[in-house]
Amino acid sequence: MMPGMNLGLSLLLHVVGVVLWMGSLMAMSRALVLLAKRPGPGRPVLAELAGRLNIMALLGLVLTVGSGLYQLMLWPAGVFKNTRWMHHKLTAVIAVVVVHVLTIRLQRKWRSLGENDALRPGPASALHGIAGLLLFAIVGLVYFSLPHFLHIPTM
Ligand code: HEM
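Peer 1: Give me the lowdown on the overall build of the chain, citing residues and values where you can.
Peer 2: Within the chain, the regular secondary structure consists of four helices and zero strands. Scanning the chain from its N terminus toward the C terminus, one meets helices and strands in the order α-α-α-α. Projected onto its principal axes, the C-alpha coordinates of the chain cover approximately 60 × 30 × 20 Å. The buried share among the 155 residues of the chain stands at 25%.

Peer 1: Lay out the packing of helix α2 (residues 43-74) against helix α3 (residues 84-111) with the relevant residues and their values.
Peer 2: Helix packing for two helices is described by the angle between their axes and how far apart those axes are. With their axes 10 Å apart at the nearest point, α2 and α3 run at an angle of 155° to one another. Viewed along their axes, α2 and α3 adopt a mutual orientation that is roughly antiparallel. Helix-helix and strand crossings are classified by hand; for α2 and α3 the assignment is left-handed. Here A47, A50, G51, N54 and A57 of α2 lie close against α3, whose contacting residues are H100, I104, Q107, W110 and R111.

Peer 1: Can you break down the site of the ligand residue by residue, with the values?
Peer 2: Of all residues adjacent to the ligand, which total 20 residues, the nearest are G68, Q71, I138, H148 and L150. When residues of the shell around the ligand are assigned to their parent elements, the largest contribution, six residues, is made by α2. When the residues that make up the shell around the ligand are grouped by side-chain class, the tally is 15 nonpolar, five polar and no charged.

Peer 1: Please provide a residue-by-residue account of the environment of P39, values included.
Peer 2: If you trace the backbone, P39 turns up in the loop between α1 (5-37) and α2. According to the C-beta neighbour criterion, P39 is partly exposed, with 15 such atoms within 10 Å. For the pair P39 and E115, spaced 76 residues apart in sequence, the C-alpha separation works out to 5.7 Å. In this structure, P39 is in contact with E115 and N116, ignoring residues within four places of it in sequence.

Peer 1: Could you give an account of α2, with specific residues and numbers?
Peer 2: Each full turn of the α-helix corresponds to 3.6 residues, which orients residues three or four apart in the same direction. Taking 1.5 Å per residue, 32 residues should reach 46 Å; α2 reaches 46 Å between its end C-alpha atoms and fits that length. Those residues of α2 lying buried are R43, L46, A50, L53, N54, A57, G60, L61, L63, T64 and S67. Those residues of α2 hidden inside the fold are in contact with α1 and α3.

Reading the values: the criteria
- Residues numbered from 1 in each chain as written.
- Predicted model: local features only at pLDDT ≥ 70, side-chain atom pairs only at ≥ 80, totals over all residues.
- Helix = DSSP H or I, 4+ residues; strand = E, 2+ residues; numbered from the N terminus.
- Buried ≥ 20, exposed ≤ 12 C-beta atoms within 10 Å, placed from the backbone.
- Axes fitted to C-alpha atoms, helices over the stretch in contact; angles between N-to-C directions.
- Parallel < 35°, antiparallel > 145°, perpendicular 65-115°, else oblique.
- Left-handed = near helix turned anticlockwise from the far one by under 90°.
- Contact = placed C-beta atoms within 7 Å.
- Near = placed C-beta within 6 Å.
- Nonpolar A, V, L, I, M, F, W, Y, C, P; charged D, E, K, R; others polar.
- Expected span 1.5 Å × (residues − 1).

Here is the structure:
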């Protein structure tokens, strides 16, 4: 096998996982905003769409967390406890998980409501905005922080 293949594959899965998780989570909360704003026969479809987007988001979560933990195992022994940016990043990842759980709870609650019940889009909008800010914060932490420990031999 080519040297660095496992690391390259893991980084590939990590970035694809991030796109899938964060993109689907943001699309899911956006579908819920629309569901709240537009009473009528389209509501059940939007609720179902949000549920389908959640499946993609969960797949992205599994890829991101699995590959991320593998990458951490490749770090030199002992460096984790002194790498503050990674502590901040993992704290922000926990916040994304909380946002994800709250979005799932909102989808489950709203899918059983009537087509014409009055709903406030505020909670879904807030979850959408917080997910976006966390995405910026996490990717910013990765690319504006030192030190990094993983290097693909071809780079
Ligand atoms: C439990 C969750 C996660 C763990 C354990 C984890 C761990 C890691 C590790 C160890 C690296 C390699 C760092 C290095 O260069 O030494 C990395 C890279 C990266 N992570 Fe994560 N990560 C997690 C979740 C996330 C999330 C949620 C995002 C984005 C929202 C993210 C975005 C990135 C990016 C953009 C890179 C850089 C990839 C590259 O260009 O090399 N990670 N992650």
